[in-house]
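# What the coordinates show
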Amino acid sequence: MKLDMFMCIIFLAIMSSLGFVCFDILKLIIFVYLLFVGVRGLRYKLNIRIKKSKVFCTAFVLLFFMTFLTGFTYKNPKKPIPVLTYHRVNDEVYDAKVPTVSVKQFEKQMKYLKKRGYQTITEKELLDYYSGRKIKLPKKPILITFDDGWRDNYENAYPILKKYGFTATIFLATGKIGEDEYLTWDMVKEMYLNGIAFGGHTRNHINLSKVYLDTAEKEIKWSFEDIEKNLGVKPLSFCYPYGGGDLNKSIQHIVKKSGFQIAFASYNYGINMGNVNIMAVRRILMPRFNKLHKLEMFLLLW
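Residues numbered from 1 in each chain as written. Predicted model: local features only at pLDDT ≥ 70, side-chain atom pairs only at ≥ 80, totals over all residues. Heavy atoms only, no water.

## Thoughts on the packing of aromatic side chains
Inspection of the entire model under this criterion finds eleven aromatic pairs. Arranged with centres 5.9 Å apart and planes meeting at 20°, the rings of tyrosine 154 and tyrosine 158 form a pair that is stacked. One end of the pair, tyrosine 154, and the other, tyrosine 158, are both in helix H6 (residues 152-163), four residues apart, so they sit about a helical turn from each other. Geometrically, the ring pair formed by phenylalanine 238 and tyrosine 240 is edge-to-face, given 5.5 Å between the ring centres and 75° between the ring planes. Across the pair, exposure class does not vary: phenylalanine 238 and tyrosine 240 are buried alike. Chaining the aromatic ring pairs together yields one cluster made of Phe224, Phe238, Tyr240 and Phe260. (Phe/Tyr/Trp six-rings, centres within 6.5 Å; stacked < 30°, edge-to-face > 60°. Helix = DSSP H or I, 4+ residues; strand = E, 2+ residues; numbered from the N terminus. Buried < 20%, exposed > 50% of the residue type's maximum accessible area, 1.4 Å probe, protein only.)

Encoded structure:
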């Protein structure tokens, strides 16, 4: 029993991390598994004969069907494109609420990607690819993103990205620009002129799913307008703070109506494999804190 439970957890973790199943589907799979365990327990307790093969076949068929519900197809012509999510790159500051990697860790990860043959693409290229437009991607494409607009993105991450010939997209909580520990608009402009893209992240970094829709709409529009005003270009991409909007169609509609053409999720983890929801693109949260996360990183980016 314990071995079965352990194997189930490992299997679900791998399926989820690869983007084959979403959270709601995971709940359904767990329900099916618990049902299977219950049937097996009943079988032994009441001495009822139920063939294991029938139970396993039923569970397999359900799992196979559920993977299609998530948009995964076994004959998928699209490349699996990982999108990495960073926040802070800093040796001196540690805040449990904000995922942070050290400068050494970040360089080690960029070096690993370079060694494995990964080449960064822009959110525009990812959008074109999943929209069916003709575009030639590198053999191993990857998109690197940063959330919030921390100053150490400029001071620590930016030089390393340049060193390895990588680009990135930074999602700005525009109301925080110029505050302590955050980017200034001059830093933003310098990076933009050197290939770094910028997207919206609301003005005040609020959870869009926990406010009224009119407030959410203002925050989303304000972030679009702030970037347009200070960079002189219309931002292409948006990212939902705290995952508020990852799977919320009303919020996604507002994001699109505000002018953003592609949006990135915060809690909808995994690799984008096909039939991608352009308004909730999956990402992989960095850093990977423990051995299980490191194994997941290895599987995702091998």
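Now, onward.
## Here we look at the nonpolar core
Ranked by size, the top nonpolar core spans 33 residues in total, and within it Phe106, Met110 and Phe146 carry the most contacts. At the level of secondary structure, the elements contributing two or more residues to this core comprise strand E1 (83-86), helix H4 (103-115), strand E5 (141-148), H6, strand E6 (169-172), helix H7 (185-193) and helix H8 (213-231). Of all hydrophobic cores here, the second largest spans 30 residues; its members include Val83, Leu137, Leu208 and Phe260. (Core = buried A, V, L, I, M, F, W, Y, C linked by side-chain atoms within 4.5 Å.)

## Quick look at the side chain of histidine 201
On the secondary structure map, histidine 201 appears in the loop between strand E7 (197-200) and H8. One polar contact links histidine 201 to aspartate 148, side chain to side chain, over a distance of 3.1 Å. Apart from the residues lying within four places of it in its own chain, the contact partners of histidine 201 are Asp147, Asp148, Phe171, Leu172, Ala173, Ser223, Phe238, Cys239, Tyr240 and Pro241. (Polar contact = N/O pair within 3.5 Å; in protein donor to acceptor, adjacent residues only side chain to side chain. Contact = heavy atoms within 4.5 Å.)

## Let's talk about helix H5 (residues 123-130)
The buried fraction of H5 amounts to six of the eight residues, a majority that puts the element mostly inside the structure. Those residues of H5 that sit buried are Glu123, Leu126, Leu127, Asp128, Tyr129 and Tyr130. Within two residues after H5, glycine 132 carries a phi angle of roughly 85°, on the positive side.

## Observations concerning the confidence of the model for the protein
When the pLDDT values of the protein are averaged, the result is 81; 69% of them are 70 or greater. Throughout residues 19-24 the model reports pLDDT below 50, and contacts reaching past four residues in sequence, or to other chains, amount to 16 contacts. Scored below 50 in pLDDT, residues 66-76 shows 23 contacts in the model against residues more than four places distant or in partner chains. (pLDDT = per-residue confidence, 0-100.)

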